[in-house]
Amino acid sequence: MSLSYAELFKFASTGEYDAAAAEMAANLPMLWANEYQAMCAHVPNLLQFDVEGFEHVFDFTSDTAADTNPRAPEDRLVGVFGRSRAPVALREASRMRGFLGGGLAMEDGSRMDKGHFIGHALGGGTEVNLFPQRPELNRGWSDPGKVFRRMERFAAVTPGTFVFACPIYVDTSWQPVALEYGLLMPDLNVWVERFAN
């Protein structure tokens, strides 16, 4: 799945940030759902729900396909969006420790980080907001990682920034191979980057 956000962002020339953010919030779920369904070999069970102020579009396929389709994908996030804000609670260290059992091993023997689609510093939570993320991206150790961290920092120090994340999958696992990450900037330009994971 690789999205072209150009059509969706035409409205951003209206000159009103809140209106542009609301328009994006109204259109992103359908855009993601259509693209996700087109790339799936299964019939997804898409749900949309709010967690701590961020809207999540989630494929809860195990609820409908586990008994009838053993090759159904793992439950996984399709996309998440919302407005950045200060965290509402401390990071839940005990829950984070249990996630991935301390980290997911990669082929080269290294381990994946416990990444957040929407960073904790932006108000993002845990649970469906977590995913196996390459450390060099999550920690800013690579050139793309530095860009990713710069985007997160901007949203964190600019509360109310409209931020979104869309994972890209190529198989049935819940680990994305890439992440499309975007911000609606104050000048109403949309900054979107695609990061390999």
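Treat the numbers as computed from the prediction; the structure is a model and nothing was measured.

1. So, the sheet that holds strand S9 (residues 190-196)
Thinking step 1. A sheet is described by the order of its strands in space; here 6 strands give the open sequence S1-S2-S3-S7-S8-S9, paired in antiparallel fashion. Of all strands in the sheet, those bounded by a partner on one side alone are strand S1 (46-51) and S9. This sheet shows a mean twist of 15° between the axes of neighbouring strands, independent of strand direction.
Thinking step 2. Here strand S8 (residues 178-184) runs beside S9; their pairing, made up of 7 bridges, is antiparallel. Bridge assignment links leucine 184 to a residue of S9, and that residue is valine 190.
Thinking step 3. Across the face of the sheet, helix H5 (residues 143-157) comes into contact with S8 and S9 while running at roughly 140° to S9.

2. Brief notes about H5
Thinking step 1. With 15 residues, H5 ought to run about 21 Å at 1.5 Å a step, and its terminal C-alpha atoms sit 21 Å apart, in line with that.
Thinking step 2. Packing partners of the buried residues in H5 comprise strand S6 (130-133), helix H4 (135-138), S8 and S9.
Thinking step 3. Capping the start of H5, serine 142 holds a side-chain oxygen 3.0 Å from the backbone nitrogen of glycine 145, two or three residues further along.

3. Some points on the nonpolar core
Most often, soluble globular proteins keep nonpolar side chains buried together rather than apart.
Thinking step 1. Core analysis: the largest hydrophobic core is formed by 39 residues, its most contacted members being Trp32, Phe162, Tyr181 and Leu184.
Thinking step 2. By residue number, the principal contributor to this core is helix H1 (residues 17-39), which donates 7 residues.
Thinking step 3. Leave out the neighbours within four places in its chain, and leucine 184 touches Tyr17, Ala20, Ala21, Met24, Thr161, Phe162, Asn189 and Val190.

4. Some remarks on the pattern of salt bridges
Thinking step 1. A full pass over the atoms with the stated rule returns 4 salt bridges.
Thinking step 2. The closest approach of N and O atoms between arginine 139 and aspartate 113, which form a salt bridge, is 2.6 Å. Highlighted residues: arginine 139 in the loop between H4 and H5 and aspartate 113 in strand S5 (residues 111-116), separated in sequence by 26 residues.
Thinking step 3. In this structure arginine 139 comes out as partly exposed when scored by relative accessible area, which is 41%.
Thinking step 4. Ionic pairing is found between arginine 149 and glutamate 152, a salt bridge with its closest N-O pair at 3.8 Å. Placement of the pair is arginine 149 and glutamate 152 together in helix H5, with a separation of 3 residues, close to one helical turn.
Thinking step 5. A relative accessible area of 12% places glutamate 152 in the buried class.

What counts and how
Residues numbered from 1 in each chain as written. Predicted model: local features only at pLDDT ≥ 70, side-chain atom pairs only at ≥ 80, totals over all residues. Heavy atoms only, no water. Pairing = 2+ DSSP bridges. Helix = DSSP H or I, 4+ residues; strand = E, 2+ residues; numbered from the N terminus. Axes fitted to C-alpha atoms, helices over the stretch in contact; angles between N-to-C directions. Contact = heavy atoms within 4.5 Å. Expected span 1.5 Å × (residues − 1). Polar contact = N/O pair within 3.5 Å; in protein donor to acceptor, adjacent residues only side chain to side chain. Core = buried A, V, L, I, M, F, W, Y, C linked by side-chain atoms within 4.5 Å. Buried < 20%, exposed > 50% of the residue type's maximum accessible area, 1.4 Å probe, protein only. Salt bridge = Lys/Arg side-chain N within 4 Å of Asp/Glu carboxyl O.

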